[in-house]
Amino acid sequence: MDPMDIVGKSKEDASLPKATMTKIIKEMLPPDVRVARDAQDLLIECCVEFINLVSSESNEVCNREEKRTIAPEHVLKALEVLGFGEYIEEVYAAYEQHKHETMQDSLKGGKWSNGAEMTEEALLAEQQRMFAEARARMNGGAAVPKQADVDSNVES
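Small disclaimer: the values here were computed from a predicted structure and weren't measured.

Engineer: Could you give me a rundown of the packing of aromatic side chains, with the residues and numbers involved?
Structural biologist: By the definition in use, this model includes three aromatic pairs. Between the aromatic rings of Phe50 and Phe84, the centroid separation amounts to 5.2 Å while the plane-to-plane angle is 85°, which identifies the pairing as edge-to-face. In this pair, Phe50 sits in helix α3 (residues 37-64) while Phe84 sits in the loop between α4 (72-81) and α5 (88-108), placing the two residues 34 residues apart along the sequence. On the accessibility criterion, Phe50 (38% relative accessible area) is partly exposed. Relative to Tyr95, the ring of Tyr92 has its centre 6.1 Å away and its plane inclined at 50°; by these criteria the two rings are tilted. Here Tyr95 and Tyr92 lie together in helix α5, a separation of three residues that amounts to about one turn. A relative accessible area of 30% means that Tyr95 is categorised as partly exposed. Through a chain of ring-to-ring contacts, the aromatic side chains of Phe50, Phe84 and Tyr87 assemble into a single cluster.

This is the structure:
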């Protein structure tokens, strides 16, 4: 199967981040083992090809079920069809762990999680302070008003 048939792009367009892949490769090997650059590139190409293969088969499984969205069970079925059934349990465990971590992250909240605990006035004051900082940066580093100045602007 031609790579153009799989993703509609040339083989060169589909790649994985080399730094991340190199880190993964090195983490899987003993510290005294070195990997030639060509071998790293070959491993990365193998990973891309594997992803294309599993994605393509997952899509076929999805289409056979007359679904429009590839779900995790389609990927697991694709692994079985492709002869990688021995990895299904480990893949499913990794998927469950990812789901759990994602849920924990969303429960912890992100960068703005403290917003739910702030009053509307405090949120408005914070917004004004952030606007003032942005204006100062845009105006070449002019002084940013102190919190008290921002609070007085909020009241007016």
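Engineer: Can you lay out a nonpolar patch on the surface for me, pointing to particular residues and giving the numbers?
Structural biologist: On the surface, Ile24, Met28, Leu29 and Val33 cluster together into a nonpolar patch covering about 360 Å² of accessible area. Judged by relative accessible area, Leu29 falls into the partly exposed class, the value being 32%.

Engineer: Provide a residue-level description of the environment of Glu89, including the pertinent values.
Structural biologist: With respect to the helices and strands, Glu89 occurs in helix α5. Residue classification places Glu89 among the exposed residues on the basis of a relative accessible area of 69%. For the pair Glu89 and Leu76, spaced 13 residues apart in sequence, the C-alpha to C-alpha distance is 9.1 Å.

Engineer: How would you summarise the side chain of Gln40 if you had to cite specific residues and measurements?
Structural biologist: Looking at the element boundaries, Gln40 is found in helix α3. A distance of 3.4 Å separates a polar atom in the side chain of Gln40 from a polar atom in the side chain of Thr22.

Engineer: Can you tell me about the pattern of salt bridges, naming the residues and giving the values?
Structural biologist: Opposite charge on two side chains permits them to pair, given that their charged atoms come into close proximity. Summed over all chains, the structure comprises seven salt bridges. A salt bridge links Lys23 to Glu27; the shortest N-O distance between them is 3.9 Å. Here Lys23 pairs with Glu27, and both are found in helix α2 (residues 18-28), just four residues apart, close to one helical turn. Here Lys23 and Glu27 have matching classes, each one exposed. Here Lys77 makes a salt bridge to Glu80, at a shortest N to O gap of 3.8 Å. Residue Lys77 and its partner Glu80 are located together in helix α4, separated by three residues, close to a single helical turn.

About the thresholds
Residues numbered from 1 in each chain as written. Predicted model: local features only at pLDDT ≥ 70, side-chain atom pairs only at ≥ 80, totals over all residues. Heavy atoms only, no water. Phe/Tyr/Trp six-rings, centres within 6.5 Å; stacked < 30°, edge-to-face > 60°. Helix = DSSP H or I, 4+ residues; strand = E, 2+ residues; numbered from the N terminus. Buried < 20%, exposed > 50% of the residue type's maximum accessible area, 1.4 Å probe, protein only. Patch = residues over 30% accessible without salt bridge, like charges linked within 9 Å, V, L, I, M, F, W, Y side chains within 5 Å. Areas by Shrake-Rupley, 256 points an atom, 1.4 Å probe, with all protein chains shown as cover. Salt bridge = Lys/Arg side-chain N within 4 Å of Asp/Glu carboxyl O. Polar contact = N/O pair within 3.5 Å; in protein donor to acceptor, adjacent residues only side chain to side chain.

By themselves, these figures tell us nothing about what the structure is for.
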